[in-house]
Amino acid sequence: MSHVVELLAVGTELLLGNTANIDAQMLSRELSALGLNVYYHSVVGDNPERLRRAVELARSRADVLITTGGLGPTCDDLTKRVVAETFGKVLVYHPECAQAIRDYFAASGRVMTENNLQQAWLPEGCAVLENRWGTAPGCAFQSGENYVVMLPGPPRECLPMFRQEAAPWLGRLSEGVIRSHTLRVFGWGESQVESLLRDRMDQLTNPTLAPYAKEGEMELRITAKAQDEETAKALIAPVEEEVRVVLGPMIYGGQEDSLEKVVLEGLKARGLTLGTAESCTGGLLAKRLTDLPGASSVFRGGVVSYTNEVKHRVLGVSQTLLDEQGAVCDEVARAMAQGARRVLSCDAAVATTGVAGPDSDEWGNPVGLVYVALAAPEGCWVRKLRLAGARERRDRVRTLAANHGFDMIRRWLAGLEIETL
């Protein structure tokens with residue numbers, strides 16, 4: 001039997017936009033790995049009648065219902081009561097859960113109020129899902145042909161609780177595994193990649209191949225369903241090989257990779273150092289690198305040369321050049337990268353200068369015009385970028401400019417052609 005899963009998130013704060021429904025994203029991935037098909041995501045506020053109707057609808061179209069949120073100690077935490085009533089179950093007191101709640105408060109040195117003990121009331125006959133990350137226990141039960149799991153809302157509790165408590169309970173429903181392999185692509189947009197792979201995508205049924213646009217890049221996901229892990233991997237492998245042949249160096253990594261991670265690992269592998277000189281990106285390249293552990297072994301430092309004075313006095317960019325052509329031009333980007341390489345005594349340096357917006361600069365350069373330069377022992381390369389559609393998005397200009405900087409470095413490290421767009 002193929003099972004259908006619905007995720008029902010409970011909480012008015014989700015509907016108001018005050019809180020993002022991170023649980024749905026996390027649980028969908030976890031359930032996919034178990035071989036269970038998530039067909040529906042629903043969100044309902046803290047209202048008993050609307051929650052009841054949402055549960056009844058989910059019960060009618062899915063045989064596996066997983067709720068998140070509404071298990072806490074306050075008056076608006078309604079999930080257990082409403083779900084239990086809808087499935088004809090009463091709530092019973094679990095002394096061991098009450099003791100676990102008392103122990104949690106004692107260990108944290110906090111005073112427990114009595115309303116916390118309402119969390120120890122759970123549907124009759126349920127399996128208790130222990131919560132070692134908070135106070136609200138979860139639960140799971142079967143009612144006829146329906147399977148119900150209730151989890152707390154905070155993601156730091158929900159995800160580990162699902163993995164360690166709920167997943168083993170749901171494991172009996174699994175019909176094999178669903179595995180995905182992701183290839184990350186930079187330099188081509190979703191439509192360009194899709195045009196190259198569309199015929200193959202249409203032909204595939206298992207595994208499937210699908211493109212997903214991300215901020216400043218894209219990814220291709222190959223997904224296979226099989227009886228076991230090895231069979232799924234065997235289905236994915238030839239499709240991945242075919243995609244790599246078509247896209248070549250436009251693919252920079254897999255699911256766990258980022259452009260900066262690939263750069264960091266490449267620098268480490270070759271024993272090389274890097275520096276940055278940033279104007280329009282305001283230190284974003286340096287931040288993204290130093291967010292990664294181990295960056296100190298290869299990253300020499302960065303200069304945020306936001307003003308022409310710093311470009312001239314620190315990086316040595318010609319004042320005449322700045323006066324005659326302005327900061328946003330090929331020559332200044334080149335001089336910034338070369339200056340950073342000299343000042344920071346590094347093997348290579350990347351520089352950015354451009355117009356992040358929302359308005360054009362005093363030279364009339366449009367929003368989205370950016371120059372990215374890479375200086376290395378073999379020479380200096382400059383990319384001229386025209387980042388269309390970025391007028392109201394300073395963050396998008398910065399992100400794309402930084403991505404191009406990392407792409408130039410990773411190409412240099414891999415001995416690939418550094419395209420100057």
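Before reading further, recall that the structure is shown in the block above.
Residues numbered from 1 in each chain as written. Predicted model: local features only at pLDDT ≥ 70, side-chain atom pairs only at ≥ 80, totals over all residues. Heavy atoms only, no water.

J.: Just checking my understanding: could you explain the sheet that holds strand E9 (residues 177-185) for this structure?
T.: Remark on secondary structure: sheet strands pair via backbone hydrogen bonds, oriented parallel or antiparallel. What the four strands build is an open sheet, ordered E10-E11-E9-E12; its pairing is antiparallel. Here the strands that pair on one side only, and so sit at the sheet edges, are strand E10 (208-214) and strand E12 (251-254). Going from strand to strand, the sheet's axes swing by 30° on average, the running direction of each strand aside. By the bridge criterion, three bridges tie E9 to E12 in an arrangement that is antiparallel. (Pairing = 2+ DSSP bridges. Helix = DSSP H or I, 4+ residues; strand = E, 2+ residues; numbered from the N terminus. Axes fitted to C-alpha atoms, helices over the stretch in contact; angles between N-to-C directions.)

J.: What am I meant to see in the pairing of E10 here?
T.: Look at any regular strand and the pattern is simple: side chains alternate between the two faces of the sheet. Across seven bridges, the pairing between E10 and strand E11 (residues 217-226) is antiparallel. Counted as the bridge partner of Ala213 is Met218 from E11. A loop of two residues connects E10 with E11, the two strands running antiparallel in sequence, and Gly216 in this loop sits at a positive phi of about 80°.

J.: Help me understand the packing of aromatic side chains in this model?
T.: Working definition: an aromatic ring pair is given by the centre-to-centre distance plus the angle between the planes. Scanning the model with the defined rule gives five aromatic pairs in all. Relative to Tyr40, the ring of Tyr39 has its centre 6.3 Å away and its plane inclined at 65°; by these criteria the two rings are edge-to-face. Aromatic side chains Tyr93 and Trp121 sit 5.4 Å apart centroid to centroid with 50° between the ring planes, which places their arrangement in the tilted category. A residue pair is termed long-range when its members are at least 10 positions apart, and Tyr93 in strand E4 (residues 91-93) and Trp121 in strand E5 (residues 121-123) qualify at 28 residues. With relative accessibility at 36%, the residue Tyr93 sits in the partly exposed group. On the basis of relative accessibility, which here comes to 38%, the residue Trp121 falls in the partly exposed class. (Phe/Tyr/Trp six-rings, centres within 6.5 Å; stacked < 30°, edge-to-face > 60°. Buried < 20%, exposed > 50% of the residue type's maximum accessible area, 1.4 Å probe, protein only.)

J.: Hey, could you run me through the environment of Leu71 in this one?
T.: Note that Leu71 resides in the loop between strand E3 (64-68) and helix H4 (79-86). Take Leu71: its relative accessible area is 3%, and that puts it in the buried class. For Leu71 and Asp291, which are 220 residues apart along the polypeptide, the C-alpha to C-alpha distance reads 35 Å. Beyond its immediate chain neighbours, meaning those up to four positions away, Leu71 contacts Asp77, Thr79, Lys80, Gln119, Ala136, Pro137, Gly138, Met150, Leu151 and Pro152. (Contact = heavy atoms within 4.5 Å.)

J.: Honestly, the pattern of salt bridges in this entry has me stumped. Any pointers?
T.: If charged atoms from side chains of opposite charge come close, those side chains can pair. Scanning all chains against the criterion turns up 23 salt bridges. The shortest N-O distance in the salt bridge between Asp407 and Arg410 comes to 2.9 Å. Pair noted here: Asp407 and Arg410 are both in helix H14 (residues 394-414), with a separation of three residues, about one helical turn. Both residues of the pair, Asp407 and Arg410, count as buried. Here the residues in one salt-bridge network are Arg383, Asp407, Arg410, Arg411 and Glu419, joined through shared partners. (Salt bridge = Lys/Arg side-chain N within 4 Å of Asp/Glu carboxyl O.)

J.: What am I meant to see in the environment of Lys89 here?
T.: Relative to the helices and strands, Lys89 resides in the loop between H4 and E4. Looking at Lys89, the relative accessible area reads 19%, which means it is buried. Separated by 33 residues in the primary sequence, Lys89 and Leu122 have C-alpha atoms spaced 9.5 Å apart.

J.: Explain the sheet that holds strand E2 (residues 37-44) to me, please; I cannot follow it from the model alone.
T.: In spatial order, the strands read E2-E1-E3-E8-E7-E6; together these six strands make up an open sheet with mixed pairing. A strand with exactly one partner marks an edge of an open sheet, and here the two such strands are E2 and strand E6 (127-129). Across the sheet, the axes of successive neighbouring strands diverge by a mean angle of 20°, strand direction being ignored. As judged from the five bridges shared by strand E7 (residues 138-143) and strand E8 (residues 146-151), these two strands associate in the antiparallel manner. Counterpart to Gln142 in the pairing with E8 is Tyr147. Here helix H3 (residues 48-61) sits on the sheet in contact with strand E1 (4-10), E2, E3 and E8, set at roughly 170° to E1. Most of the contacts of helix H6 (residues 155-170) go to E8, to which it runs at about 155°, and overall it touches E3, E6, E7 and E8.

Purely geometric stuff here, so don't read any function into it on its own.
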